[in-house]
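Observations on the model geometry
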Amino acid sequence: ENAPVPEKESEKKQKIKGFSEIWRIISLKSKEGDEDMFQKILVPVDGSNSAWKALQTAAVLAERFQGELRVFTVMEPYNSLSLFQITLDENLMDRSNREMKKASLAVLDMAKEKLQECGFQGKASFEEAEGNPAEQILEKSRETDCDSIVIGSRGLSGITEFLLGSVSSKVSQYASVPVFVVK
């Protein structure tokens, strides 16, 4: 008797902030040639709230256009050529990099959970890489022939973002496919 009442699909979708605006845009009649959009959507995630919003947005787009998601996270390893030229002990760097690798895999696990929570039924793949996040995202987009990138506007990069510019700015500037930046 006290079993939870299943949500209607429309109620579930309305919970996604900004869904009505997204739906308005993608519900417009497509122009000739637009049918190829959103077939392979690259979604970089870093564990930030902005990344999870981007993942939800990408899931809506993929379902609407029967596309697939390529969820991607990038670990920027510590090395002796880091931003402030701080020399660290090799053992400390190795240990830190191992911990960062675990964290990036945890982000991908969380992304799987988020997609399940929002009821995503489509195809999704999950991958991680090491290196400069913007460069790795751009390379992955080219390698996998993605037709769009959906990325959060603000990640977890903190002071690096302040000094060098955001990953989403670099990706949107240099990508060869449309980039949707989600706030």
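Read on for an overview of the structure.

Definitions and limits used
Residues numbered from 1 in each chain as written. Predicted model: local features only at pLDDT ≥ 70, side-chain atom pairs only at ≥ 80, totals over all residues. Heavy atoms only, no water. Helix = DSSP H or I, 4+ residues; strand = E, 2+ residues; numbered from the N terminus. Buried < 20%, exposed > 50% of the residue type's maximum accessible area, 1.4 Å probe, protein only. Contact = heavy atoms within 4.5 Å. Areas by Shrake-Rupley, 256 points an atom, 1.4 Å probe, with all protein chains shown as cover. Core = buried A, V, L, I, M, F, W, Y, C linked by side-chain atoms within 4.5 Å. Polar contact = N/O pair within 3.5 Å; in protein donor to acceptor, adjacent residues only side chain to side chain. Phe/Tyr/Trp six-rings, centres within 6.5 Å; stacked < 30°, edge-to-face > 60°. Pairing = 2+ DSSP bridges. Right-handed = clockwise from strand over helix to strand, strands pointing away.

Moving on, we get to the overall build of the protein. Looking only at helices and strands, one finds seven helices and five strands in the protein. Relative to its 183 residues, the protein shows a buried fraction of 37%. Expressed as a percentage of contacts within the protein between residues at least 6 apart in sequence, the contacts between residues at least 24 apart total 79%. With the model as given, the accessible surface of the protein reaches about 11600 Å², and the carbon-plus-sulfur share is 51%.

Quick look at the nonpolar core now. Counting 23 residues, the largest nonpolar core has Ile41, Val45, Leu55, Leu69, Val71 and Leu115 as its most contacted members. Secondary-structure elements contributing two or more residues to this core are β1 (40–44), α3 (49–64), β2 (68–75) and α4 (90–117). In terms of residue count, the dominant contributor to this core is α3 (eight residues). Residues contacting Val45, with those up to four places away along its chain left out, are Ala51, Trp52, Val71, Phe72, Thr73, Val107, Leu108 and Ala111.

Structurally, Ser48 is set in the loop between β1 and α3. Assessed through its relative accessible area of 5%, Ser48 is described here as buried. Side chain to side chain, Ser48 and Asp46 meet in a polar contact 2.7 Å long.

This part takes up the environment of Gln39. Its place among the elements puts Gln39 in the loop between α2 (19–27) and β1. For the pair Gln39 and Glu63, spaced 24 residues apart in sequence, the C-alpha separation works out to 9.7 Å. Not counting residues within four places of it along the chain, the set of residues in contact with Gln39 comprises Phe65, Gln66, Gly67, Glu68 and Asp147. Within the structure, the side chain of Gln39 is placed 2.8 Å from the backbone oxygen of Phe65, a separation counted as a polar contact.

Our focus in this paragraph is the packing of aromatic side chains. Going through the model one piece at a time under the given rule, you end up with two aromatic pairs. Centroid distance Phe38 to Phe65: 5.1 Å. Interplanar angle 35°. Geometry classified as tilted. Of the two residues, Phe38 is situated in the loop between α2 and β1 and Phe65 in the loop between α3 and β2; the sequence distance between them amounts to 27 residues. In this structure, Phe38 and Phe65 share a single accessibility class: buried. A ring pair is formed by Phe38 and Phe180, whose centres lie 5.5 Å apart and whose planes are at 45°; its orientation type is tilted. Here Phe38 is found in the loop between α2 and β1, whereas its partner Phe180 is found in strand β5 (residues 179–182), with 142 residues between them in sequence. Residue Phe180 is classed as partly exposed on the basis of its relative accessible area of 33%.

Another aspect to go through is the pairing of β2. Taken across its eight residues, β2 has eight buried, putting it largely inside the fold. Burial of the side chains of β2 extends over both faces: Glu68, Arg70, Phe72 and Val74 are buried on one face and Leu69, Val71, Thr73 and Met75 on the other. In this structure, β1 lies alongside β2, joined through five bridges in parallel fashion. Within β2, the position partnered with Val43 by the bridge is Val71. The β-α-β motif built from β1, the intervening α3 and the parallel element β2 has right-handed crossover chirality. For β2 and strand β3 (residues 123–130), the ladder comprises eight bridges, and the chain directions are parallel. Across the sheet, the residue bridging to Val71 is Phe126, located in β3.

Turning next to unusual backbone geometry. Only a minority of non-glycine residues have a phi that is not negative, and only a minority of peptide bonds are not trans. With phi around 50°, Gln66 is a residue other than glycine that occupies positive phi space. Mapped onto the secondary structure, Gln66 falls in the loop between α3 and β2. One non-glycine residue, Asp145, lies in the positive phi region at around 55°. Among the secondary structure elements, Asp145 is positioned in the loop between α5 (133–143) and β4 (148–152).

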